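Topology and contacts: notes
Residues per chain are reported as follows:
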Amino acid sequence: MEEYVLMKGNEAIAEAAIRAGTDGYFGYPITPQSEVIEYLAAAKPHERTGMVMLQAESEVAAINMLYGGAGAGKKVMTSSSSPGISLMQEGISYIAGSELPCLLVNVVRGGPGLGTIQPSQSDYFQATKGGGHGDYNLIVLAPASVQEMADFVSLGYDLAFKYRNPAMILSDGAIGQMMEKVKFKPQQPRSKKSPDWATTGKTPDRERNIITSLDLDPARQERFNEKLQAKYKEIREKEVRYEKIQCDDAEYLFVAYGTSSRICQKSMQMAREEGIKVGLLRPITLWPFPYNEIRMMSGQLKGILSVEMSAGQMIEDVKLAVEGKVKVKHYGRMGGIIPTPDEIVKNLKQKIIGG
Amino acid sequence: MTEEIIIAGFGGQGVLSMGKILCYSGVMEGQEVSWMPSYGPEMRGGTANVTVILSDERISSPIINSYDTAIILNQQSMDKFEPAVKPGGLLVYDGNGITRHPERKDINIYRIDAAEEATKMESTKTFNMIVLGGYLKVKKLFKLESVIKGLKKSLPERYHHLIPVNEKAIHRGMEIIKEVATVN
């Protein structure tokens, strides 16, 4: 039986990547995410599973290496932090437009621009609403613990391959840098089979596989977009994941993901000690977003505080969910500042209960 | 049981590794643990602190603003974290370089002159283990064998020959920690 080890979130992602049977990791170091590539370099995955670990010359190169590896049907991933993920957007759009699976990890830091190296959640729009050009979506998973950093690697791959779509783990500097105990799944072998769409060399018994995001015929391009949208509809119907904590009797609700959701759990305990019945809904998939699950609670709620380390991005989805039937306010800190549990309780009282 | 701890001092004092050893000791006894560093561009000589939470239950926020215990190893950290100790909580500090000693009347205060002792032990790197020993004397969180196991897990194997000297430092810390003021 595997035993618990103590690890940083970034290290857990790296170990989980090897164990998930990743064929190739391509990345470029950036704080607060560099432990992923450092761990992989030290762990010598080529000796353990034959996995390739390559430090690319830039983030732009790394994402295009992913594009190539994914086209060959391989399990490929990259990780970076906000400015690096911005550099990758063109490649991500091409990968989505070519219907290829891959795993992206964004350990978010404060922005805009080079911003700061401290944790933030201000890349929510970029991750969930496109990021690159064109009508596409990423499947976005938001871990709230080091254990989930590890677990979401294989989950991300499963979803990416099931739907032939890039999946992203949207974490932040706090979860990347913090240590908790974590238990890993056993080593999975790297897959020897290629998916039937992969470009691995044409054999005489089949048509050639073509991977491209280009089609200059508008009618065909529209049909392709309709196919993509049908796929996204299926993902929205089948893949919503969330966690509800103390929601049964809740009159007020925190909606928060990742680090913010951990802090909100403490705020919830503090508020409940004062007799305020508050629950927490934690979206685990940010896309698809749990609109229905929040909407279904709107009858019992007097107000919702959306808590994010940003100026207020996810709050737009929370508002869409309740369709104006419940008061929704935002509380967050920016620029790498993490809100404290008592700050959140104070804002619940001021903005929701008293406001 | 939940113990919420801040360890704060200069970079290079072994603040982060002390926190890691505490966490691993907790893991050895089946506890939930979290280790949240203040990370940043600081290098040796800059400030460093880490929040450690040990609990029998699932840990909610790894980031908190009041603590059961503050282990304070320089003056800046004293100014910042003395007010953040919960009433009835514990403050452990090294007197070296402290110009304003703790003044709170509602907390338990212990002093450990670990920097001075580490020099006497001819290994200044044992400083953090002396402090850890002192703290574990006051708060009996784990069996000593769990701490030694935790130490082994925290150190890369190439440093395992240093475990006896670290163990000695933990014992020394237990001997030299002094009560300054207690409320309970």
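Predicted model only: the values in this text are computed from it and were never measured.

We now examine the layout of surface pockets. The rolling of a water-molecule-sized probe over the atoms marks out the regions of remaining empty space. There is about 1600 Å³ of room inside the largest pocket. Going through the elements one at a time, strand E1 (5–8) and helix H2 (35–43) of chain A together with helix H1 (15–28), strand E2 (32–37), strand E3 (47–55), helix H4 (127–138), helix H5 (144–154) and helix H6 (163–176) of chain B are the ones with two or more residues in the lining of the largest pocket. Per-element tally for the lining of the largest pocket: the top contributor is H1(B), with 5 residues. Its residues assigned to classes, the lining of the largest pocket shows 23 nonpolar, 18 polar and 9 charged. When its volume is computed, the second largest pocket comes out at roughly 730 Å³. For the lining of the second largest pocket, the secondary structure elements donating two or more residues are strand E1 (2–10), E2, E3 and helix H2 (75–81) of chain B.

Our focus in this paragraph is the sheet that holds strand E11 (residues 278–283) of chain A. All names here are of chain A. With mixed pairing, the 5 strands of this open sheet are ordered in space as E9-E11-E10-E13-E14. Whereas interior strands pair on both sides, the edge strands pair on one side only; in this sheet they are strand E9 (242–245) and strand E14 (328–331). Each neighbouring strand pair of the sheet contributes to a mean axis angle of 20°, computed without reference to strand direction. Packed on one face of the sheet, helix H11 (residues 258–273) meets E9, strand E10 (252–255), E11 and strand E13 (303–307) and runs near 170° to E11. Contacting E10, E13 and E14, helix H13 (residues 315–322) crosses the sheet at an angle of about 165° to E14.

What follows is about the interface of chain A and chain B. Between chain A and chain B, the residue contacts involve 29 residues of the former and 25 residues of the latter. For the pair chain A and chain B, the summed buried area comes to about 2200 Å², and 59% of that belongs to carbon and sulfur atoms. Counting across the chain A and chain B interface gives 4 salt bridges. The residue Lys181(A) makes a salt bridge to Glu32(B) at a minimum N-O spacing of 3.6 Å. Applying the counting criterion to the chain A and chain B interface returns 11 residue pairs in polar contact (both at pLDDT 80 or more). Elements with a contribution of two residues or more to the side of chain A that touches chain B: E1, helix H9 (173–177), strand E8 (179–182), E9, H11 and helix H14 (341–353) of chain A.

Residue and element names in this part refer to chain A. Look at H14: 17 Å from first C-alpha to last across 13 residues, which is about the 18 Å you get at 1.5 Å a residue. The set of residues buried in H14 consists of Pro341, Glu343, Ile344, Val345, Asn347, Leu348 and Ile352. For H14, the secondary structure elements touched by its buried residues are E10, H11, E11, E13 and E14.

What follows deals with helix H8 (residues 146–163) of chain A. Helix length check: H8(A), at 18 residues, gives a terminal C-alpha distance of 26 Å against a target of 26 Å (1.5 Å per residue), a fit within 8%. Those residues of H8(A) lying buried are Val146(A), Glu148(A), Met149(A), Ala150(A), Phe152(A), Val153(A), Leu155(A), Gly156(A), Tyr157(A), Leu159(A), Ala160(A) and Tyr163(A).

With that out of the way, let us pick up the domain arrangement of chain A. Residue and element names in this part refer to chain A. Along its sequence, chain A is organised into domain 1 (5–194 + 229–236) and domain 2 (243–353). On a C-alpha basis, the centroid separation for the pair domain 1 and domain 2 is 27 Å. Taken together, the contact pairs 31 residues of domain 1 with 27 residues of domain 2. Taken together, domain 1 and domain 2 are joined by 3 salt bridges.

Glancing now at the packing of H5(B) against H6(B). Residues and elements named next belong to chain B. Where H5 meets H6, the axes come as close as 11 Å, and the angle between the chain directions of the two elements is 140°. One element, H5, and the other, H6, form an angle in the oblique class. Of the two elements, H5 crosses H6, and the hand of that crossing is right-handed. Contacts between H5 and H6 involve Leu144, Val147, Ile148, Leu151 and Lys152 from the first element and Ile163, Asn166, Glu167, Ile170, His171 and Met174 from the second.

Right, let's get into the environment of Ser123(B). You can see Ser123(B) is positioned in the loop between helix H3 (114–120) and H4. On a C-alpha basis, the gap between Ser123(B) and Arg58(B) in space is 38 Å, while along the polypeptide they are 65 residues apart.

Once that is clear, we can look at the side chain of Ser98(A). All names here are of chain A. Along the chain, the position of serine 98 falls in the loop between helix H6 (89–97) and strand E5 (102–108). A relative accessible area of 6% places serine 98 in the buried class. In terms of polar contacts, serine 98 uses its side chain to reach the backbone amide nitrogen of serine 213, at 3.5 Å. Here serine 98 is in contact with Tyr67, Arg164, Ile211, Thr212 and Ser213, once residues within four sequence places are set aside.

Let us now look at the nonpolar core. Ranked by size, the top nonpolar core spans 109 residues in total, and within it Phe254(A), Ile304(A) and Leu348(A) carry the most contacts. Of the residues forming this core, the biggest block, 10 residues, is contributed by H8(A). Split by domain, this core shows at least three residues from each of two domains, domain 1 (5–194 + 229–236) and domain 2 (243–353) of chain A. In this structure Phe254(A) touches Cys264(A), Ser267(A), Met268(A), Val278(A), Gly279(A), Leu280(A), Leu281(A), Leu305(A), Val307(A), Ile344(A) and Leu348(A), once residues within four positions along its chain are discounted. Ranked by size, the runner-up nonpolar core spans 43 residues in total, among them Met179(A), Leu22(B), Met121(B) and Tyr135(B).

Rules used throughout
Sequence order sets the numbering: in each chain, residues are counted from 1 along the sequence as written. As a convention, the first chain written is A and the first ligand written is 1, with the rest following in written order. This being a predicted model, a pLDDT of at least 70 is required before a residue's local features are given, and a value of 80 or more before pairs of side-chain atoms are given or counted; all residues contribute to the totals for chains, interfaces and linings. Remark: hydrogens and water are excluded; side-chain values derive from all non-hydrogen atoms of the structure. Every definition here rests on a 1 Å grid over the protein atoms only: cavities are sets of points where a 1.4 Å probe fits but cannot get out, pockets are open sets enclosed by protein on both sides within 12 Å along at least five of seven lines, and lining residues have some atom within 4 Å of a point. Grid points are joined across faces, edges and corners, and a volume is the space filled by probe spheres set on the points. The helix count covers DSSP runs of H or I at least four residues long, the strand count covers runs of E at least two residues long, and both are numbered beginning at the N terminus. Side-chain classes follow a simple rule in which Ala, Val, Leu, Ile, Met, Phe, Trp, Tyr, Cys and Pro form the nonpolar group, Asp, Glu, Lys and Arg form the charged group, and the remainder, Gly included, forms the polar group. A pair of strands counts as paired when DSSP detects no fewer than two bridges linking them. Lines are fitted to the C-alpha atoms to define the axes, a helix being fitted only along its stretch in contact, and any angle between axes, read from their N-to-C directions, falls within 0 to 180 degrees. Residues are treated as being in contact if the distance between any of their heavy atoms lies within 4.5 Å. Buried area: the accessible area, evaluated with a 1.4 Å probe, that two parts lose upon being put together, summed over both parts. By convention in these notes, a salt bridge is any Lys or Arg side-chain nitrogen within 4 Å of a carboxyl oxygen on Asp or Glu. Polar contacts, as used here, are pairs of N or O atoms within 3.5 Å; protein pairs need one atom able to donate a hydrogen and one able to accept it. Residues neighboring in sequence count only if both atoms are side-chain atoms. For a helix, the expected span equals 1.5 Å multiplied by the residue count minus one. For every residue, the accessible area (1.4 Å probe, protein chains only) is compared with the maximum for its type, and the residue is labelled buried under 20%, exposed over 50%, or partly exposed between those bounds. Domain delimitation in this document rests on an assignment produced automatically or drawn from a domain database. Angles are sorted into four bins: roughly parallel if under 35 degrees, roughly antiparallel if over 145, roughly perpendicular if 65 to 115, and oblique for all others. Crossings are classed by handedness, with left-handed meaning an anticlockwise turn of the near helix from the far one by less than a right angle and right-handed meaning a clockwise turn. What we call a nonpolar core is a set of buried Ala, Val, Leu, Ile, Met, Phe, Trp, Tyr and Cys residues that are connected through their side-chain atoms within 4.5 Å.

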